[in-house]
There are 2 protein chains.
Amino acid sequence: MTETPHPLYAKHADTLAKALTAIKDRGYWSAYPESPSPRVYGETAAAEGEATFRSYLDGDFPLDQPGTGERVATEVSPFGIDLDVRYPHATPDALLTAATTALPAWRDAGPQTRLGVCLEILARLHAHVFEMAYAVQATSGQAFLMAFQAGGAHALDRALEALAYAYAEMTRHPATAEWEKPAGKGDPLRMTKTFHVVPRGVALVVGCNTFPTWNSYPGLFASLATGNPVVVKPHPRAVLPLAITVRYAREVLAEAGFDPNLVLLAAEAPGEGLASTLAVRPEVKIIDFTGSTEYGDWLEANARQAVVYTEKAGVNTIVVDSTDDFVGMCRNIGFSLTLYSGQMCTTPQNILIPAGGISTDQGHKSFDEVAAGIAATVGKLTVDPARAVEMTGAIVNDGVLGRLDEVAGLGEAVLESRTIEHPTYVGAVVRTPTIVKLGADAAQTYGREWFGPISFVIATDSTEHSLRIFRDTVGERGALTAAAYATDEKVLDAVETAAVETGVHLSCNLTGGVFVNQSAAFSDFHASGANPAANAALTDGAYVASRFRVVQSRRHTA
Amino acid sequence: MTETPHPLYAKHADTLAKALTAIKDRGYWSAYPESPSPRVYGETAAAEGEATFRSYLDGDFPLDQPGTGERVATEVSPFGIDLDVRYPHATPDALLTAATTALPAWRDAGPQTRLGVCLEILARLHAHVFEMAYAVQATSGQAFLMAFQAGGAHALDRALEALAYAYAEMTRHPATAEWEKPAGKGDPLRMTKTFHVVPRGVALVVGCNTFPTWNSYPGLFASLATGNPVVVKPHPRAVLPLAITVRYAREVLAEAGFDPNLVLLAAEAPGEGLASTLAVRPEVKIIDFTGSTEYGDWLEANARQAVVYTEKAGVNTIVVDSTDDFVGMCRNIGFSLTLYSGQMCTTPQNILIPAGGISTDQGHKSFDEVAAGIAATVGKLTVDPARAVEMTGAIVNDGVLGRLDEVAGLGEAVLESRTIEHPTYVGAVVRTPTIVKLGADAAQTYGREWFGPISFVIATDSTEHSLRIFRDTVGERGALTAAAYATDEKVLDAVETAAVETGVHLSCNLTGGVFVNQSAAFSDFHASGANPAANAALTDGAYVASRFRVVQSRRHTA
């Protein structure tokens, strides 16, 4: 039932081949330039993207899909930008019926055609990357450069990475095979076998507020490429980036001769709880979710008919033992804390430092000197409002502000959070990071996630003690990232063993232009699936292999 | 932390390479000869194997593992062979503590060493294949040849297939990678990345009575190769084959310098419910189970801390539309029904035939003629007791006998089940297959599994009607196999579409030496994971990819 590949497959075969090599080698590779420079994207790209973004505001988003005719508008920009984009609203029945109807032709088109179409969708999204960057900025609170990179180029790289894994997995077996078994003196037994790649059903992607595209694309494209129609349920405060995604995906699907209902937007009215309704429907066989531990756990426990991939909260940790580059260490950690005001799922929270201080290239540094060194970097990066906001962006929601208030009374602030007036966006809510000093006995505070610009410097008895705390908190609560600073290989080995045993990715002695909260597509795995912070990794074989099944038929060879 | 591979890796590298090629091509390949002929295995192998088997009877099974000192003996041979093998009994705590203690060194040994050791275990088991065949025969009720093949050679092939998938999956990423990102005019960013393959934890394998090795080996070896210690919980009536497996696995592990507690036998006392106790323990992270739908569903619902792979009950179906080889069709179906008295999870149960009959190379055949043709084959194969028992083997348990009684009153018997006196084993319980005629309206009977020598010929209005029944029963209850007989490609296409949409593997027009209930390792997938009969396939990427995780570390390149 597999047809000749669609011409889009040949069009993008080279990109796919490079991506397949990249996921195998896991060195550096990127398909989508991360610099928004006019030299890369042309003189008019930024202005055109911004214009398209602005055209969406205060209007009905252009999306022709099954719906009730009602519109919903739920977004509140952290920058105070008036959005009021109105999205079509649809019932679960309408969405799932449309998706289910679209499935058979997409399934029967085969892996090559599906990859060609998915790669064309990425190319189309890339052609609209500035429009996307403005949408991500406006809804997530990321500064523009970060929105362009994490929300645009890097999200597309992660999508391509997922497509490459999906393709590799679907084609690790041939579409047909000849089986010839010797039968003694008689003719051999000869069978022709056909292996069909069969999708699981409808896939549901539940997006988050902070990284609406980066966190959604791997699941979205892995499911779509393996034959599953995808219903995209955006976070109510970050709909636009995924609406734009769905718009162009549907455009490409229709152009390629497929039912555009293979990708559907499930925008919801306030308080509708649409994700929970969709998640337990029998048609939904795959769910990808990024967000709170509470809701991720709920999905895992209740959406039993589906394969559920979750990325949840965690307690990212740095173990500071010693360093041969004190300035570089403080600068690197401070930068990580400042980026997007610590609102990355990968931002370090707990910095474990021996109370007696550490040895460095500048001699012994006391606990307070280490804390002050990190705080000084954050202070320097945020002293000038105009420069500060290009790093911090804006605060995504009131929950973050609430935690900033709550944490203020829980320990001595090595660095206090400041409110900054945004030079461009009057309504922007900007807060700089706070760093709070805690004792090792304050596990009731540092032992859980404080999402936002909140970190703790924690005084431990020794690095051994730091490692026990590391194992306890990461083991119990999970983590997406860990880092260590040490000049002794034995200490680094001990941290690495602890990281392996708690299942968290580790960065050692970062002092330059690579930061613990950044992961590079095609090389770094994001999350491990080996601790409570996530049950899957972006992106590996396990992430794609269960999104389809192989169904075989066999007959005597003609 | 990955060491130089153990010499066993080099010893078996050629076998591994061939297996890796085989799983990629999925043509015919086998590593373990399926013929028990002295020309293959030597003149003395059979007698030695039987002697070793007999040495276990009425004695303490030689297994030195943590335990209470108590022994348990729970086996009842379908052949009436007096077994009374007494196995060491252990508490869940003792088993899980021992397994957990064994994990780190096995994890740190790396994929190559683990593969070398696992392949040596297979070689050791192969050296004892006759002993295993006698043990499988005695406990499962399979005839000797089948026990040798399915319980010995083919089980080892499936184990090797799982090992190849596990190795391919663990090594699809390099152990280390260099990442070099251009940084404009400055020096590029250079990072060295290490990717650790990290096991999930303790794996539990829950064996079944009918195929104690064939159904357990893929999970056992996939888990072990990916670094997980394995606790093997055999069916209380089929302990010996897995005890032998554990014995030789431990022997090889110890010889290779590893903790033998990486493989442990969890024999249980009658009514102990050890599988349920172990399955929900936090240490247990992977479970492989073959058995009833009820218990498989229980595991999936309750062992939430683990990845659970289940093979459960199903309703295997044949759609008969037409044939150009009536004799071959009847012979092939009849053979399938007779083999092991229909006690394979792959044996056809429902044979859907239009009430108006079918067209064949011998002209039109009425429904009754088709039914009679199949029944005649079964009759012929079972007319001579000495020959019959070499095909049927013995009845595995009283549940099968109960269903034979129950089905007798539910429809007209086209063929009645007969009791056969076994010429060799006085206490053997042997029954030949029954074939019962039902109307299409008897879905309350044929719509569920009747495990054992029970099949139904079901009169439908048409092949279209047959396909509706096929979709309904397989969709609701699942199936491991399906078959179709049709001379019209359009009909075959329609059945293939139904098979794809219900997720069941299909065999078309089998009339020769390949049977619907047989699947060949390295080529045929067993189960699909796409219908209620199983949530996984033996063996594919999805079957192995979630048994481990990759945890990375990175640092600036030195």
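Chain A has the name Phenylacetic acid degradation protein paaN in an unreviewed UniProt entry, where Micromonospora polyrhachis is given as its organism.

**Some words on the overall build of chain A**
Secondary structure summary: chain A contains 18 helices and 22 strands in total. Compactness check: chain A gives a C-alpha radius of gyration of 25 Å against a globular reference of 24 Å for 558 residues, within 12% of the reference. Here the C-alpha coordinates of chain A stretch approximately 80 × 70 × 45 Å along the principal axes. Here chain A holds 558 residues, and the buried ones make up 62% of them. Considering only contacts in chain A between residues 6 or more positions apart, those separated by 24 or more positions represent 75%. Counting every atom, chain A has about 18700 Å² of accessible surface; 52% of that belongs to carbon and sulfur. Taken together, the 43 basic and 62 acidic charged side chains of chain A have centroids lying 8 Å from each other.

**Some details on the relation of the copies chain A and chain B**
Rotating chain A by 180° about the axis while translating it 0.0 Å along that axis superimposes it on chain B, leaving an RMSD of 0.0 Å. Here the copies are linked by what is in effect a two-fold axis. Scanning chain A for the C-alpha nearest the rotation axis identifies Ala 542 of chain A, at a separation of 3.2 Å. Residue by residue, 100% of the interface of chain A is reproduced at the interface of chain B, so both copies engage with the same surface.

**Side note on the interface of chain A and chain B**
Facing the 77 residues of chain A at the interface are 77 residues of chain B. Both sides together, the interface formed by chain A and chain B hides about 6100 Å², and carbon and sulfur atoms give 51% of it. Summed over the shared surface of chain A and chain B, the result is 12 salt bridges. In this structure, Lys 181 of chain A and Glu 34 of chain B form a salt bridge, with 2.8 Å as the shortest nitrogen-oxygen distance. Top element by residues in the side of chain A that touches chain B is strand β22 (residues 548–556) of chain A. It accounts for 8 residues. A class-by-class count of the residues in the side of chain A that touches chain B yields 33 nonpolar, 23 polar and 21 charged. Bridge count between strand β21 (residues 506–508) of chain A and strand β22 (residues 548–556) of chain B: 3 bridges; the pairing is parallel. Opposite Leu 506 of chain A, over in β22 of chain B, you have Ser 553 of chain B as the bridge partner.

**Quick look at the packing of helix α4 (residues 92–127) of chain B against helix α7 (residues 217–225) of chain B**
All names here are of chain B. Two elements in contact, α4 and α7, have axes whose closest approach is 8 Å; the angle formed by their N-to-C orientations is 145°. Judged by residue contacts, Trp 106, Arg 114, Leu 115, Cys 118, Ile 121, Leu 122 and Leu 125 of α4 engage Tyr 217, Phe 221, Leu 224 and Ala 225 from α7. In terms of residue class, the contact of α4 with α7 is built from 10 nonpolar, no polar and 1 charged.

**A short note on the packing of aromatic side chains**
Evaluation of the coordinates by the stated rule reveals 44 aromatic pairs over all chains. Their ring planes at 80° and their centres at 5.9 Å tell us that Trp 450 of chain A and Phe 456 of chain A sit as a pair that is edge-to-face. We classify Trp 450 of chain A as buried; its relative accessible area is 2%. Feature note: the residues Tyr 41, Phe 53, Phe 130, Tyr 134, Phe 144 and Phe 148 of chain A constitute an aromatic cluster, connected by ring pairs. Here the basic side chain of Arg 26 of chain B rests over the ring of Phe 525 of chain B, its NZ or CZ set 3.9 Å away from the ring centre.

**Points about the UniProt feature "domain: Aldehyde dehydrogenase" (unreviewed entry) in chain A**
Following the UniProt record, the feature "domain: Aldehyde dehydrogenase" (unreviewed entry) maps to residues 93–501 of chain A here. In residues 93–501 of chain A, the share of helix is 48% and the share of strand is 21%. The end C-alpha atoms are 44 Å apart.

**Section: the sheet that holds strand β4 (residues 176–183) of chain B**
Judged by pairing direction, the sheet is mixed, and its 10 strands sit side by side in the order β15(A)-β18(A)-β19(A)-β12(A)-β11(A)-β20(A)-β21(A)-β22(B)-β5(B)-β4(B) without closing on themselves. In this open sheet, the two strands that pair with only one neighbour each are β15 (412–415) of chain A together with β4 of chain B. In this sheet, neighbouring strand axes are inclined to one another by 25° on average, regardless of whether the strands run parallel or antiparallel. As paired strands, strand β20 (residues 482–485) of chain A and β21 of chain A are joined by 3 bridges and run parallel to one another. Across the sheet, Ala 482 of chain A pairs through a bridge with Leu 506 of chain A, a residue of β21 of chain A. Along the sheet, helix α11 (residues 326–338) of chain A makes contact with β11 (317–320), β12 (350–354), β18 (434–439), β19 (454–460) and β20 of chain A, crossing β20 of chain A at roughly 165°. Strands β11, β12, β19 and β20 of chain A of the sheet are contacted by helix α16 (residues 463–477) of chain A, whose axis makes an angle of about 170° with β11 of chain A.

**Side note on the domain arrangement of chain A**
All names here are of chain A. When cut into domains, chain A gives domain 1 (43–173 + 195–312 + 537–556) and domain 2 (317–508). Each of domain 1 and domain 2 was reduced to a C-alpha centroid, and the two centroids are 33 Å apart. Across the boundary between the two partners, domain 1 contributes 16 residues, which contact 21 residues of domain 2. In total, domain 1 and domain 2 occlude about 1400 Å² of area from one another, counting both sides; carbon and sulfur atoms represent 62% of this. Together, Pro 78, Phe 79 and Met 146 form the three largest contributors to the area buried by domain 1 at its contact with domain 2, with a combined 32%. If you look at where domain 1 meets domain 2, you find 5 residue pairs in polar contact (both at pLDDT 80 or more). Counting residues per element, the ones that place at least two in the side of domain 1 that touches domain 2 are α5 (129–140) and α6 (144–170).

**Let's talk about the sheet that holds strand β8 (residues 263–265) of chain B**
Residues and elements named next belong to chain B. In spatial order, the strands read β8-β7-β6-β9-β10; together these 5 strands make up an open sheet with parallel pairing. Each end of this open sheet is capped by a strand with a single partner; those strands are β8 and β10 (307–311). Averaged over all adjacent pairs, the angle separating strand axes in this sheet is 15°, with direction ignored. Relative to strand β9 (residues 284–290), strand β6 (residues 202–206) runs parallel, the two being bridged by 5 bridges.

**Re the nonpolar core**
Among the nonpolar cores identified, the biggest contains 231 residues, and Tyr 87, Tyr 217 and Phe 221 of chain A together with Tyr 87, Tyr 217 and Phe 221 of chain B are the most heavily contacted of them. Setting aside chain neighbours within four positions, we find Phe 221 of chain A in contact with Cys 118, Ile 121, Leu 122, Leu 125, Ala 159 and Leu 163 of chain A.

**Brief notes about the environment of Leu 410 of chain A**
All names here are of chain A. Within the fold, Leu 410 resides in the loop between α14 (398–408) and β15. A relative accessible area of 37% places Leu 410 in the partly exposed class. With near-sequence residues (within four places) excluded, Leu 410 lies in contact with Leu 438, Thr 445 and Trp 450.

**Section: the side chain of Asp 157 of chain B**
Of note, Asp 157 of chain B is situated in helix α6 (residues 144–170). No salt bridge is formed by the buried Asp 157 of chain B. Its closest oppositely charged neighbour is Lys 181 of chain A, at 8.3 Å. Dropping the residues within four chain positions of it, Asp 157 of chain B is found in contact with Ser 30, Ala 31, Tyr 32, Ala 521 and Phe 522 of chain B.

**A short note on the side chain of Arg 554 of chain A**
Assignment of secondary structure puts Arg 554 of chain A in strand β22. You can call Arg 554 of chain A buried: its relative accessible area is 5%. A distance of 2.8 Å separates a polar atom in the side chain of Arg 554 of chain A from a polar atom in the side chain of Ser 507 of chain B.

**Observations regarding the environment of Asp 82 of chain A**
Along the polypeptide, Asp 82 of chain A turns up in the loop between β2 (71–72) and β3 (85–88). In the structure, Asp 82 of chain A is positioned 189 residues away from Gly 271 of chain A in sequence and 21 Å away in space, judged by C-alpha atoms.

**Details of the environment of Gly 342 of chain B**
Residues and elements named next belong to chain B. As for its placement among the helices and strands, Gly 342 is situated in the loop between α11 (326–338) and β12 (350–354). With 110 residues separating them along the chain, Gly 342 and Gly 452 place their C-alpha atoms 5.0 Å apart. Ignoring any residue separated from it by four or fewer positions in sequence, one finds Gly 342 in contact with Leu 337, Thr 347, Gly 452 and Pro 453.

**Digging into the packing of helix α3 (residues 45–56) of chain A against α5 of chain A**
Residue and element names in this part refer to chain A. Viewed as axis vectors pointing N to C, α3 and α5 meet at an angle of 55°, and their least axial separation amounts to 7 Å. Put simply, α3 runs oblique to α5. Judged by the sense of rotation from one axis to the other, the crossing of α3 with α5 is right-handed. Between α3, through Ala 45, Ala 46, Gly 49, Glu 50, Thr 52, Phe 53 and Tyr 56, and α5, the contact on the second element is made entirely by Phe 130, Glu 131, Tyr 134, Ala 135 and Ala 138.

**A closer look at α16 of chain A**
Residue and element names in this part refer to chain A. With 15 residues, α16 should reach 21 Å at 1.5 Å per residue; the first-to-last C-alpha distance of 20 Å fits that figure. Of the residues making up α16, those classed as buried are Thr 463, His 465, Ser 466, Leu 467, Ile 469, Phe 470, Thr 473 and Val 474. Contact partners of the buried residues in α16: β11, β12, α15 (443–446), β19, β20 and α17 (489–502).

About the cut-offs
Residues numbered from 1 in each chain as written. Chains lettered and ligands numbered in written order. Predicted model: local features only at pLDDT ≥ 70, side-chain atom pairs only at ≥ 80, totals over all residues. Heavy atoms only, no water. Helix = DSSP H or I, 4+ residues; strand = E, 2+ residues; numbered from the N terminus. Rg over C-alpha atoms; globule rule 2.2 N^0.38 Å. Buried < 20%, exposed > 50% of the residue type's maximum accessible area, 1.4 Å probe, protein only. Contact = heavy atoms within 4.5 Å. Areas by Shrake-Rupley, 256 points an atom, 1.4 Å probe, with all protein chains shown as cover. Lys, Arg positive; Asp, Glu negative; His and termini not counted. Charge placed at Lys NZ, Arg CZ, Asp CG, Glu CD. Least-squares fit on C-alpha atoms with pLDDT ≥ 70 in both. Buried area = accessible area lost by both parts, 1.4 Å probe. Salt bridge = Lys/Arg side-chain N within 4 Å of Asp/Glu carboxyl O. Nonpolar A, V, L, I, M, F, W, Y, C, P; charged D, E, K, R; others polar. Pairing = 2+ DSSP bridges. Axes fitted to C-alpha atoms, helices over the stretch in contact; angles between N-to-C directions. Phe/Tyr/Trp six-rings, centres within 6.5 Å; stacked < 30°, edge-to-face > 60°. Lys NZ or Arg CZ within 6 Å of the ring centre and 35° of its normal. UniProt positions renumbered as here; feature names shortened; annotations may be inferred. Domains from an automatic or database assignment. Polar contact = N/O pair within 3.5 Å; in protein donor to acceptor, adjacent residues only side chain to side chain. Core = buried A, V, L, I, M, F, W, Y, C linked by side-chain atoms within 4.5 Å. Parallel < 35°, antiparallel > 145°, perpendicular 65-115°, else oblique. Left-handed = near helix turned anticlockwise from the far one by under 90°. Expected span 1.5 Å × (residues − 1).

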